[in-house]
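Remarks on the overall topology
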Amino acid sequence: MWAVIAHAAVLALLPPLLGGVVTRTKALFAGRRGPGVWQPYFDLVKLLRKGVALSATTTWVFVLAPVLAVVTAVMAGLLVPLGSFAPPVAFAGDFVLFAYLFALGRFFTAAAALDTGSPFEGMGAAREVGFAWLTEPALFFAFLALARLSGSLSLAGMLRATEGAWLQRTAPLVLTAAGVFIVLLAECSRMPVDDPTTHLELTMIHEVMVLDHSGPLLGLVEYGAAVKLFVLDALLLHVMAPTARVTGWPGLALFVLGLLAVAVGIGVVESTMARLRLLHVPTLLIAAVLSCGFAFLLLSR
Amino acid sequence: MSISSGEPWQSAALLLLVGAGCLLAISGVPGLLLSWRSIWGSRIATALVVAGSLLGLAGGSLAVGGHGGAVIGFPSPMPGFRAGLGADALSGFFSLPVFLVGGLGALYGASYWRPRSHPRNGRRLRLCYGLLLASLTFITLARDGMAFLVAWEVMALTNFLLVTTDDEDPAVGRAGWLYLLYSHVTILCLFALFLLERQLSGDFALGVIPAAAPQSLRTAIFVLALVAFGIKAGAMPLHSWLPAAHASAPSHVSALMSGVVIKMGIYGLVRMCGLLASPPLAWGITLLAMGSLSAFFGVVFALGQHDLKRLLAYHSIENIGIILLGLGLALVGRSAGRPDWVMLGLAGCLLHVWNHALFKSLLFFGAGSVAHATGTRDLERTGGLARRMPATAGLFLLGSIAICGLPPLNGFVSELFVYLGLVRAAVTPGSAWAALPAPVLAATGALAVACFVKVFGITFLGTARSSAARDAHESPPLMLAPMAVLAVVCAVLGVAPGLAAPALERAAAAWAGQPPGGLSLAGLAPLSWISTTAAALLAAAALATAAVLPACRRGRRRAPALPTWDCGYAAASPRLQYTASSFAQLITSHFAWVLRPKVHAPRIEQLFPAPSHFDSHAEDLVLDSLLLPASRGATQVSARMRALPQGQLQRYILYILAVLVPLLIWAMAGESAGR
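All residue numbers here refer to positions counted from 1 along the written sequence of the relevant chain. Chain letters start at A and ligand numbers start at 1, both assigned in the order the entries are written. Restriction of local features to residues with pLDDT of at least 70 applies here, the model being predicted, together with a cutoff of 80 or more for giving and counting side-chain atom pairs; totals for whole chains, interfaces and linings are based on all residues. Hydrogens and water molecules were not included; the side-chain quantities draw on all heavy atoms of the structure.

To continue, consider the interface of chain A and chain B. Note: interface size is frequently given as the accessible area lost on complex formation between the parts. By definition, residues are in contact when any of their heavy atoms lie within 4.5 Å. On the side of chain B, 86 residues touch chain A, which itself brings 77 residues to the contact. Buried area is understood as the total, over both parts, of accessible area removed when two parts are fitted together, assessed with a 1.4 Å probe. Between chain A and chain B lies a buried interface of about 7000 Å² when both sides are counted; carbon and sulfur atoms form 79% of it. Of all residues in chain A, the largest losses of buried area upon contact with chain B belong to Tyr100, Phe107 and Trp133 of chain A, amounting jointly to 12% of the total for that side. Salt bridge, as applied in this entry: a Lys or Arg side-chain nitrogen positioned within 4 Å of an Asp or Glu carboxyl oxygen. The interface formed by chain A and chain B contains zero salt bridges. Counted as a polar contact is a pair of N or O atoms within 3.5 Å, where, for protein atoms, one must be capable of donating a hydrogen and the other of accepting one, and residues adjacent in sequence contribute only when both atoms are in side chains. Between chain A and chain B we count 15 residue pairs in polar contact (both at pLDDT 80 or more) in total. Going through the elements one at a time, helix 4 (60-77), helix 5 (94-115), helix 6 (119-150), helix 10 (215-240) and helix 12 (281-299) of chain A are the ones with two or more residues in the side of chain A that touches chain B. Helix and strand definitions here come from DSSP, where helices need a minimum of 4 consecutive H or I residues and strands a minimum of 2 consecutive E residues; each element is numbered from the N-terminal end. By residue number, the principal contributor to the side of chain A that touches chain B is helix 6 of chain A, which donates 19 residues. Residue polarity follows a fixed list, in which Ala, Val, Leu, Ile, Met, Phe, Trp, Tyr, Cys and Pro are nonpolar, Asp, Glu, Lys and Arg are charged, and the others, Gly among them, are polar. Each residue belonging to the side of chain A that touches chain B can be placed in one class, and the counts come to 53 nonpolar, 16 polar and eight charged.

Put into structure tokens, the structure is as follows:
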């Protein structure tokens, strides 16, 4: 019972902090002090208190998209274990739900972008769906590899695959982790794929899709993106480290620290890499597919 | 005439189905006796189709509930032949969509194809529509080769007449002839198939072909079934007739063709695979490969289209691919002696047959409403229709979510079954290769999302791109009601898949030739979790929407005429919006090698170029390259070999993977066959 409450609390409260840590890391790399790590929380509160400005072109799809972005990300978060605790929801085949929930969020985010009738937002939507078709097979190859390692059909079981397997099955796990990391960078619109801080609409992917969202709707979009980063971060951490080795509350605390460490890692990658040319992004994503695919091949004997 | 049956209500089911078939067959006849001007021809036909469909729904439900099934034997019209009709759970399962979509299509068609606006072909359309529905009913009931062939030929011919309803248009005529050509390849294959079967079993009755029969003959039967039924189902690479035929027919006929008629190919394949005892592993692998190919390239071709109905037709090929994946998994499971793979694969295959019938006819009805309202099927000339036709937009969105396989609708459930079966294979030692379609299915799903964001976003959202779209009008209630019924069934199956579980179990048992109750679907698939998560998703979305709606209302009231943020360019016009082609371009450019887009782009030579014109469209690869002479093909292949080395490391690794995967399949298949 307490584990479920703790899971819900961490899932609800921690995500904005990860974004703050990434921003802070990038600022330190750039030699600036940068905003504090709690800044995303202040931004969210500010946005939630503002009014909404809606373009006359938009319909109800535009309002539904941020709502679904948050709801789907949070539901996906309920499937991923935190620390050594079992997740609140786990069943055979829940990894399909995990991937398809994000797809549902993507469907509405991209549709909402087209709803505004803006050419820039249409461009962003086209890029979002145009890259996602390469991240999905990478993710499913990773799931297959983890299923093969653990013999489990549910995400909670798959993510325990690293227990004791690190030494015997290092190569496939490294390959899987590399693939999942690229998926994370692409899905959370991070640096080599997308620049979350750019100022030129022509070069954006995720940010340009939400140009017209404002006030609480923009707050939901930002929060949904933070939860998505959190969930994929947790997924990656489970692949990278035997997270259930330390059990109970200390395990959860250690897990949260691990999440923050991965966020620092994302910040480092973002600071040290330039954004790829858009036409070269698919090459990176194919590398993710191949990485996870080879992991599965290595494990399939 | 003799009826043999275990239980009385099973013969009742069969009699209801036969009665429904007869009623449907004559539904267009009264209209022939009336003048084309009379509205009564249409009304009587619609009433008869609806009555027949209701009878059939009752009979089909009874048949799905039973097992074994009743058989009627008719006295032979020709010496040596016996016509038998029977209804087991599998027949019932495949006949239910015929009646649901057929009945709703007749209601939709009554408004869509009014006698007044189509004086020349209305009567022919209604006659053929009823006959087509009757032939579909009898195909599912046929218990011997002769009855099957007669019903099949009636289906092929009436369907041809329906495709060419609008035969003043030369493109429609071409589509019709192509369809007829392919249909006759099918029927020739079926003749050969039933003759071979008679060689083995002694008569034309559709009975189990024992494993003791010569393997070469059994393989020949399987290959003939695969080609014949693969053509009918539109599986790649036998699909070339499908897009043009589905785009040319009137929309309610397209809905019936795409939702139900092509499923007769699946029915034939499922039935024949069920009759061939102990299949070799290669058959299942063939179906898995064909399913992956159809699913992936079906959606790739769909992305290249900007004709709404042609695009939906290519999505039928994609969904047939998903259905074949399920069937292939079931066959592999049968060869490997894994009843759980059989159950999950067949459940995914069969449930997707229902699901696709539901959401694809919903989408074709929606496409018909769009065409009706704007007079065009070209996506580039629509836009902003959600304001003018809100009900159609909402229903179309529901269908789009369902066809993308997204929760909480029905498409998700059947895809989940297939995924579960594939991952069960993945975790079994020695059969990891069988899981390789899973990532392909994942990519297909993501591409389907891209495609339906394009369709829904370009058609219904944004602002109108033409005056026709600006002046569009909402469809009459009689066209919306059938769509609403289909949408409700989609939602119910998505939230409560447990309702379909008994039917799936009985049909799977009938297929495997086992008594029902052997394997429970609920033990293999998380049916109650699907319901819980779907309900939670809906509830959470409703609550969160209710929370933000007041703020949005206030914003709308305070500033009702705000423009979209134009990034500083203050002369935005609807023509600046992204179009269907530009939206898909990022993806289709990866597949230029298979889509072969024909692009007519202007050459800009002066500083101030004159007004110009750009267009691009993708043609069907298989159709066009079949016509190429063999020598030219060979030259092209060798020319393309030169393009392979391009100095990109990722490409080389991809080639290595592309070689390794078939080698792995080969090695492991040999291994499990040896065991």
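What follows is about the pattern of salt bridges. Residue and element names in this part refer to chain A. What the rule picks out here adds up to eleven salt bridges over all chains. Between Lys26 and Glu270 there is a salt bridge, and its shortest N-O distance comes to 3.3 Å. You can see Lys26 sitting in helix 2 (residues 15-29) and its partner Glu270 sitting in helix 11 (residues 248-272), a full 244 residues away along the chain. The burial state of Lys26 is the same as that of Glu270; both residues are buried. With its nearest N and O atoms 3.8 Å apart, the salt bridge here joins Glu187 to Arg106. In this pair, Glu187 is assigned in helix 8 (residues 170-187) and Arg106 in helix 5, connecting sequence segments 81 residues apart. With a relative accessible area of 14%, Glu187 lands in the buried category. Classification of Arg106 by relative accessible area gives buried; the value is 3%. A cluster of three or more residues bridged by salt bridges with shared partners is formed by Arg106, Glu136, Glu187 and Lys228. Burial status follows relative accessibility: with a 1.4 Å probe on protein chains alone, a residue under 20% of its type maximum counts as buried, one over 50% as exposed, and anything between as partly exposed.

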